[in-house]
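# Observations on the model geometry
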Amino acid sequence: MTTHSRPERVGQEIQAAIGALLTRGELRDPRIGFITITGVKVSPDLRVAKVFYSMLGTDQEKADTQKGLEAAKGFVRREVTSAVNLRVSPEIFFAFDASVGEGDKIDRLLREVRGKEGW
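Just so it is clear, the structure is predicted and the values come from calculations on it, not from any experiment.

About the criteria used
Residues numbered from 1 in each chain as written. Predicted model: local features only at pLDDT ≥ 70, side-chain atom pairs only at ≥ 80, totals over all residues. Heavy atoms only, no water. Helix = DSSP H or I, 4+ residues; strand = E, 2+ residues; numbered from the N terminus. Contact = heavy atoms within 4.5 Å. Polar contact = N/O pair within 3.5 Å; in protein donor to acceptor, adjacent residues only side chain to side chain. Expected span 1.5 Å × (residues − 1). Buried < 20%, exposed > 50% of the residue type's maximum accessible area, 1.4 Å probe, protein only. Arc of directions from axis to C-beta. Pairing = 2+ DSSP bridges. Phe/Tyr/Trp six-rings, centres within 6.5 Å; stacked < 30°, edge-to-face > 60°. Axes fitted to C-alpha atoms, helices over the stretch in contact; angles between N-to-C directions. Parallel < 35°, antiparallel > 145°, perpendicular 65-115°, else oblique. Left-handed = near helix turned anticlockwise from the far one by under 90°.

### Regarding the environment of Q66
In this structure, Q66 sits in helix α2 (residues 59-71). With 26 residues separating them along the chain, Q66 and V40 place their C-alpha atoms 16 Å apart. Excluding its chain neighbours within four sequence positions, the residues that come into contact with Q66 are Y53, F94 and F96. Within the structure, the side chain of Q66 is placed 2.6 Å from the side chain of Y53, a separation counted as a polar contact.

### Comments concerning helix α1 (residues 6-23)
Across its 18 residues, α1 extends 26 Å between first and last C-alpha, which sits within 8% of the 26 Å expected from 1.5 Å per residue. All buried positions along α1 are accounted for by P7, V10, G11, I14, A17, I18 and L21. For α1, the angular spread of the buried residues around the axis is 125°, confining them to a single face. Lining the buried residues of α1 we find β1 (36-42), β2 (48-54) and α3 (73-84). Positioned one or two residues after α1, G25 has a phi angle of 75°, which is positive.

### Considerations on the pairing of β2
In this structure, β1 lies alongside β2, joined through six bridges in antiparallel fashion. What sits directly across from V42, in β2, is A49. Of the strand pairs in this sheet, β2 and strand β3 (residues 91-96) are connected by six bridges, and their pairing is parallel. Note on β3: the bridge partner recorded for V48 is E91.

### Quick notes on the packing of aromatic side chains
Enumeration according to the criterion identifies one aromatic pair in this entry. Measuring from ring centre to ring centre gives 5.7 Å for Y53 and F96, while their planes differ by 70°; the resulting arrangement is edge-to-face. Of this pair, Y53 sits in strand β2 while F96 sits in strand β3, and the two are 43 residues apart along the sequence.

### What about the sheet that holds β1?
As summarised here, the arrangement of the three strands in space is β1-β2-β3, forming an open sheet in which the pairing is mixed. Strands with a single pairing partner mark the edges of an open sheet, and in this sheet they are β1 and β3. For this sheet, the mean inter-axis angle between neighbouring strands, taken without regard to orientation, is 25°.

### Thoughts on the side chain of S54
Among the structural elements, S54 can be located in strand β2. Accessibility expressed as a relative area gives 7% for S54, which makes it buried. Setting aside residues no more than four positions away along its own chain, S54 makes contact with F34, I35, T36, T38, F96, D97 and V100.

### Description of the packing of α1 against α3
At a minimum axis separation of 9 Å, α1 and α3 run at an interaxial angle of 120°. Considering the angle they form, α1 stands oblique to α3. Considering only the axes of α1 and α3, their crossing is right-handed. Touching E13, I14, A17, I18 and L21 of α1 are F75, V76, E79, V80, A83 and V84, all from α3.

These figures capture arrangement, not role.
Written out as structure tokens, the structure is:
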């Protein structure tokens with residue numbers, strides 16, 4: 001049986017709440033593209049939440065999405081606080097998670113090598 005610390009559990013709940021906001025289409029900023037919330041890291045005192053997201057697109061689309069998310073921070077913070085029922089409203093920071101794109105690049109290179117070697 002695994003034990004999770006409170007910040008990890010709260011991070012999972014915040015991730016689910018933001019995912020639900022995105023699914024319901026409540027973030028209406030046209031700059032925000034199709035994103036996936038890949039994780040949330042919460043400080044031990046539950047006052048800061050760093051939300052990691054990934055998306056595919058050009059560098060300009062990624063920059064526009066970051067600006068749109070920054071503009072929506074207040075709304076997201078309010079909605080997360082009510083959905084997760086926290087006493088203290090955590091400050092939300094958004095950070096791009098490049099691991100999905102890197103994983104796709106590695107997978108593409110491996111397929112290319114397999115094709116050349118006849119696997």
